[in-house]
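# Overview (structure and organization)
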Amino acid sequence: MLVTTKEMFKKAYDGKYAIGAFNVNNMEIIQGITEAASELKSPVILQVSKGAREYANHTYLVKLVEAAVKLYPDMPIALHLDHGDSFELCKSCIDGGFTSVMIDLSSKSFEENVEGTKKVVEYAHAHGVVVEAELGTLAGIEDDVKVEEGKQSYTDPSVVEEFVSKTNCDSLAIAIGTSHGAYKFKPGTNPKLRFDILEEVSKRIPGFPIVLHGASSVPQEFVDMVNQYGGNMPNAIGVPEDQLRHAAELSVCKINIDSDIRLAMTGNIRKYFAEHPDHFDPRQYLKPARSAVKAMVAHKIKDVLGSANKA
Ligand code: G3H
Ligand code: 13P
Ligand code: ZN
């Protein structure tokens, strides 16, 4: 059975760790993540963006995730819609087997965000599904929405209490300096998340689970691999892992990771092609890519999230 994130978050908050929410698009990614999580006995969130759903098809993704649930029956696995942008999309995922949805109206006015989130929460709760909402905007690309650098805004802690009580959402994504994608900070600058905002938010809504988007650390080893084997990703920089670890010890219960999966796969596939130019069976190059995802996720669980042995 898929689970919601309710109990996962309660335990994570009290235990000062976070649950990894990994974006999934295909079978190999789902296998890599769930193999690592099950070996380490870690709860996990598999999340599907609107783009992933368009790419792979809702039914394929749900069935692949159900296969993982069947293989690892003792593992708490949640299936979450990442960055839902409309009631219709959220409803379709709620009706179609997801246990958690995000309604992201963070680019709208506060009032529109409250109104739209509330509508999704009412429908979701009536169907046993939990809802993540967002206040503040991250820079970077979220599906079709590109937030220009300089146009992002940190979450205003003075409105979180009103937002949560008016919407009745179950978790809240906030903007404290992370961003989506592989280019989060300028080279030569000192990446620093705004922990003062996080702590101020948590003072106002104690015990409430906070979500960190754009939380890939963009491991240098994968960036180097991409660049060494024909890629071109200069100055790709992520969130330092010690800051993610610190966030997990505070009120952050869900840490979103997508770019690191992309990098692990792409770096390893590039390397494989360079070293085996005569190979053309997708199983040959998807195997090391899948293993790299598994190893990367295992590292996050053990050394960043702190969620090992919490299943
Ligand atoms: O937050 C965005 C995630 O990385 C998903 O990306 O919309 O390209 O699937 P995507
Ligand atoms: P990254 O681009 O840092 O992996 O962020 C992923 C994310 O926030 C998905 O919602
Ligand atoms: Zn995100």
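What follows is about the overall build of the protein chain. A count of helices and strands for the protein chain gives 12 helices and 10 strands. Here the protein chain has a C-alpha radius of gyration of 19 Å; the compact-globule value for 311 residues is 19 Å, and the two agree. Based on the C-alpha atoms only, the size of the protein chain along its principal axes is roughly 60 × 45 × 35 Å. Classification of the 311 residues of the protein chain by burial places 55% in the buried group. Taking the intrachain contacts of the protein chain between residues at least 6 apart in sequence as the baseline, contacts between residues at least 24 apart amount to 76%. Approximately 13900 Å² of the protein chain is accessible, and the part contributed by carbon and sulfur atoms is 52%. Averaging the locations of the 34 positively and 42 negatively charged side chains of the protein chain gives two centres separated by 3 Å.

Attention now moves to the coordination of the zinc ion (ligand 3). For the zinc ion (ligand 3), every protein donor is listed as His83 (NE2), His180 (NE2) and His213 (ND1), and the spread of their distances is 2.0 to 2.1 Å. For the zinc ion (ligand 3), all donor residues lie on one chain, and their spacing in sequence is H-x96-H-x32-H. Taken as a pair, His180 in the loop between strand 8 (171–174) and helix 8 (195–204) and His213 in the loop between strand 9 (210–212) and helix 9 (220–228) lie far apart in primary sequence, 33 residues in all. This pair shows no difference in class: His180 is buried, exactly as His213 is.

Attention now moves to the site of ligand 2. The environment of ligand 2 is formed by 16 residues, the closest being Asp82, Lys184, Ser216, Asp258 and Ser259. The separation between an oxygen atom of ligand 2 and a polar side-chain atom of His213 is 3.1 Å. Asp258 is positioned with one of its backbone polar atoms (N or O) 2.7 Å from an oxygen atom of ligand 2. Here ligand 2, which alone exposes 310 Å², has 96% of that area covered by the protein. Elements that contribute at least two residues to the shell around ligand 2 include exactly strand 3 (77–84) and strand 10 (252–257). Grouping the amino acids of the shell around ligand 2 by side-chain chemistry returns two nonpolar, 11 polar and three charged.

It is worth spelling out the pattern of salt bridges at this point. Between side chains of opposite charge, pairing is possible as soon as their charged atoms come close. Inspection of every chain in the model, using the stated rule, returns 19 salt bridges. For Glu39, the salt bridge is made with Lys294, and the minimal N-O distance between the two is 2.7 Å. Of this pair, Glu39 sits in helix 2 (residues 27–39) while Lys294 sits in helix 12 (residues 282–305), and the two are 255 residues apart along the sequence. If you follow the salt bridges from partner to partner, you end up with Glu35, Glu39 and Lys294 in one network.

Where a strand is regular, its side chains alternate between the two sheet faces. Counted residue by residue, strand 1 (residues 19–23) has five buried out of five residues, so it is predominantly covered. Where strand 1 and strand 10 come together, four bridges link them in parallel fashion. By the bridge assignment, Gly20 is partnered in strand 10 with Ile255. Judged from the three bridges that link them, strand 1 and strand 2 (residues 44–49) form a sheet pairing that is parallel. From the neighbouring strand, Phe22 faces strand 2, where its bridge partner is Leu46. This β-α-β element, strand 1 to helix 2 to strand 2, shows right-handed connectivity.

Looking now at the side chain of Asp170. Topologically, Asp170 is positioned in the loop between helix 7 (160–167) and strand 8. Of the residues examined, Asp170 reaches a relative accessible area of 12% and is grouped as buried. Of note is the side chain of Asp170, whose polar atom sits 3.0 Å from the side chain of Lys6. Residues in contact with Asp170, not counting those within four places in the same chain, are Lys6, His125, Val130, Val131, Phe208 and Pro209.

Rules used in this analysis
Residues numbered from 1 in each chain as written. Chains lettered and ligands numbered in written order. Predicted model: local features only at pLDDT ≥ 70, side-chain atom pairs only at ≥ 80, totals over all residues. Heavy atoms only, no water. Helix = DSSP H or I, 4+ residues; strand = E, 2+ residues; numbered from the N terminus. Rg over C-alpha atoms; globule rule 2.2 N^0.38 Å. Buried < 20%, exposed > 50% of the residue type's maximum accessible area, 1.4 Å probe, protein only. Contact = heavy atoms within 4.5 Å. Areas by Shrake-Rupley, 256 points an atom, 1.4 Å probe, with all protein chains shown as cover. Lys, Arg positive; Asp, Glu negative; His and termini not counted. Charge placed at Lys NZ, Arg CZ, Asp CG, Glu CD. Donors = N, O, S within 2.8 Å, 3.2 Å for Na, K, Ca; no water. Near = heavy atom within 4 Å. Polar contact = N/O pair within 3.5 Å; in protein donor to acceptor, adjacent residues only side chain to side chain. Nonpolar A, V, L, I, M, F, W, Y, C, P; charged D, E, K, R; others polar. Salt bridge = Lys/Arg side-chain N within 4 Å of Asp/Glu carboxyl O. Pairing = 2+ DSSP bridges. Right-handed = clockwise from strand over helix to strand, strands pointing away.

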